[in-house]
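Each chain, written out:
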Amino acid sequence: METAGTPRLGGAITALVTPFRHDGLDRPALRALAEWQILSSVDGLTVCSTTGEGSTLSPQERAEVIDLVIRSAAGRVPVIAATGTNSTDSTIALTREAEALGAAAALVTVPYYSKPGQTGIVHHFEQVAAAGGLPVIIDHAPAQTASDLSTETLGRLAAIPGIFGIRDTTGDIARFVGLSAILRQRFRFFSGHDPSALVFTIAGGDGMISSGANVVPRLFTSMQQAARAGNLSAAHSLWDRLLPLIVALGPEGDPARIKHALRLMRGLEVELRLPLVAAEPELCSAIGEALVPFLDESSARKALSL
């Protein structure tokens, strides 16, 4: 449901990693990464998500990341801030802060760990949507939250005006296709599962909020553009090129794998915050092999040697 002031989000939206250096924010690297993404024609940027290691950021760092990326974007693309926690009060506070900083929308996870049940989930989103002025995209990731949204719950959530979209990380295309026409028209649906994102868009989805787009943003954008334009031959051709990399990066946006790939592509520091650690050598080798088609000869040799 789109109203005046609601952003027209769709296509390829990158869930940005957060670069660190010496355990602090690497501000120049974050600015450069955001600029490269925008010049690669992505349709939006998401910050402070799981891919962005949002749970490890201090309150000051979180605000700084949102502000820095919004300033870097300078209105060229919308910036979505991930603000969800398993506390309704803290989610409201983070969403209000993101609104004050100029975010276009809030990505709000279904509450994790506490497993509030379907009624608790609905009340949580009622309070978050009522308290803040940002359009809310629900981040539906049952593998991480241990809470699945039932179709009945989606119907109850549809009655909340401030909820704008759903990001679905399940990869369950049949479930998406089986939703009623009313629900599919009510929400904008985004894939959060790179391996099935093309099929999701062809099936009627509005785009993807993608971790893999960090690495080769222009190709992910081109694939989405082709699919949304009905040029399925071009979309599948791009998908065939991307699939080995998508498989190597994994379906869940592991920042360790994404940062290793960005090290090979752009020289980004592979610094993570515990409990995350560097990708295992065999994963790094697979990522290097998958990146060879996207690298010049010198960089390809380096990727295969790491």
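Cut-off values and rules
- Residues numbered from 1 in each chain as written.
- Predicted model: local features only at pLDDT ≥ 70, side-chain atom pairs only at ≥ 80, totals over all residues.
- Heavy atoms only, no water.
- Pairing = 2+ DSSP bridges.
- Helix = DSSP H or I, 4+ residues; strand = E, 2+ residues; numbered from the N terminus.
- Axes fitted to C-alpha atoms, helices over the stretch in contact; angles between N-to-C directions.
- Contact = heavy atoms within 4.5 Å.
- UniProt positions renumbered as here; feature names shortened; annotations may be inferred.
- Buried < 20%, exposed > 50% of the residue type's maximum accessible area, 1.4 Å probe, protein only.
- Parallel < 35°, antiparallel > 145°, perpendicular 65-115°, else oblique.
- Nonpolar A, V, L, I, M, F, W, Y, C, P; charged D, E, K, R; others polar.
- Phe/Tyr/Trp six-rings, centres within 6.5 Å; stacked < 30°, edge-to-face > 60°.
- Core = buried A, V, L, I, M, F, W, Y, C linked by side-chain atoms within 4.5 Å.
- Salt bridge = Lys/Arg side-chain N within 4 Å of Asp/Glu carboxyl O.

1. Considering the sheet that holds strand β9 (residues 188-191)
What the 8 strands build is a closed barrel, ordered β1-β4-β5-β6-β7-β8-β9-β10; its pairing is parallel. On average, each strand axis in the sheet is tilted by 25° relative to the strand beside it, whichever way the strands run. Strand direction decides the pairing type here: strand β8 (residues 163-168) and β9, joined by 4 bridges, are parallel. The residue bridging aspartate 168 from the neighbouring strand is serine 191, located in β9. Its contacts with the sheet place helix α2 (residues 59-73) against β4 (44-47) and β5 (79-82), and it is angled at close to 170° to β5. Across the sheet, helix α10 (residues 217-228) is in contact with β1 (11-15), β9 and β10 (207-210); its angle to β10 comes to roughly 165°.

2. Re the UniProt feature "binding site: pyruvate" (unreviewed entry) in the chain
Residues given the UniProt feature "binding site: pyruvate" (unreviewed entry) here are Thr51 and Ile209. A maximum C-alpha distance of 10.6 Å among these annotated residues, which run over 159 residues, shows that they cluster at one spot. Locating threonine 51 in the fold gives a position in the loop between β4 and α2. Looking at threonine 51, the relative accessible area reads 4%, which means it is buried.

3. Section: the packing of helix α11 (residues 232-249) against helix α12 (residues 255-266)
Interaxial distance between α11 and α12 falls to 9 Å at its minimum, and their mutual angle equals 130°. The pairing of α11 with α12 is recorded here as oblique in orientation. Residue-level inspection shows Val247, Ala248 and Leu249 of α11 in contact with α12, the latter providing Arg257, Ile258 and Ala261. Each residue belonging to the contact of α11 with α12 can be placed in one class, and the counts come to 5 nonpolar, no polar and 1 charged.

4. Details of the pairing of β10
Residues Gly207 and Ile209 line one face of β10 and the alternating positions Met208 and Ser210 line the opposite face, and both faces are buried. Sheet topology note: the β1/β10 ladder contains 4 bridges and is parallel. Note on β10: the bridge partner recorded for glycine 11 is glycine 207. Here 2 bridges tie β9 to β10, and the two strands are oriented parallel to one another.

5. Some points on the packing of aromatic side chains
Tallied over the full model, the rule gives 3 aromatic pairs. Between the aromatic rings of phenylalanine 187 and phenylalanine 189, the centroid separation amounts to 6.0 Å while the plane-to-plane angle is 85°, which identifies the pairing as edge-to-face. Comparing phenylalanine 187 with phenylalanine 189 shows no difference in burial state: the two are buried. Taken together, the ring pairs connect Phe176, Phe187, Phe189 and Phe200 into an aromatic cluster.

6. As for the nonpolar core
Val47, Phe125, Leu157, Ile163 and Leu291 are the most contacted members of the largest nonpolar core, which totals 82 residues. With 8 residues, the top contributor of residues to this core is α11. Apart from the residues lying within four places of it in its own chain, the contact partners of phenylalanine 125 are Val108, Thr109, Val110, Pro111, Val136, Ile138, Leu157, Ile160 and Ile163. Ranked by size, the runner-up nonpolar core spans 11 residues in total, among them Ile13, Ala15, Leu107 and Ile137.

7. What to know about the pattern of salt bridges
A complete count under the given rule lists 11 salt bridges for this structure. In this structure, the salt-bridge partner of aspartate 148 is arginine 175, at a minimum N-O distance of 3.0 Å. A residue pair is termed long-range when its members are at least 10 positions apart, and aspartate 148 in the loop between α5 (142-145) and α6 (151-157) and arginine 175 in helix α7 (residues 173-177) qualify at 27 residues. One connected set of salt bridges, linked through shared partners, spans Asp23, Glu61 and Arg273.

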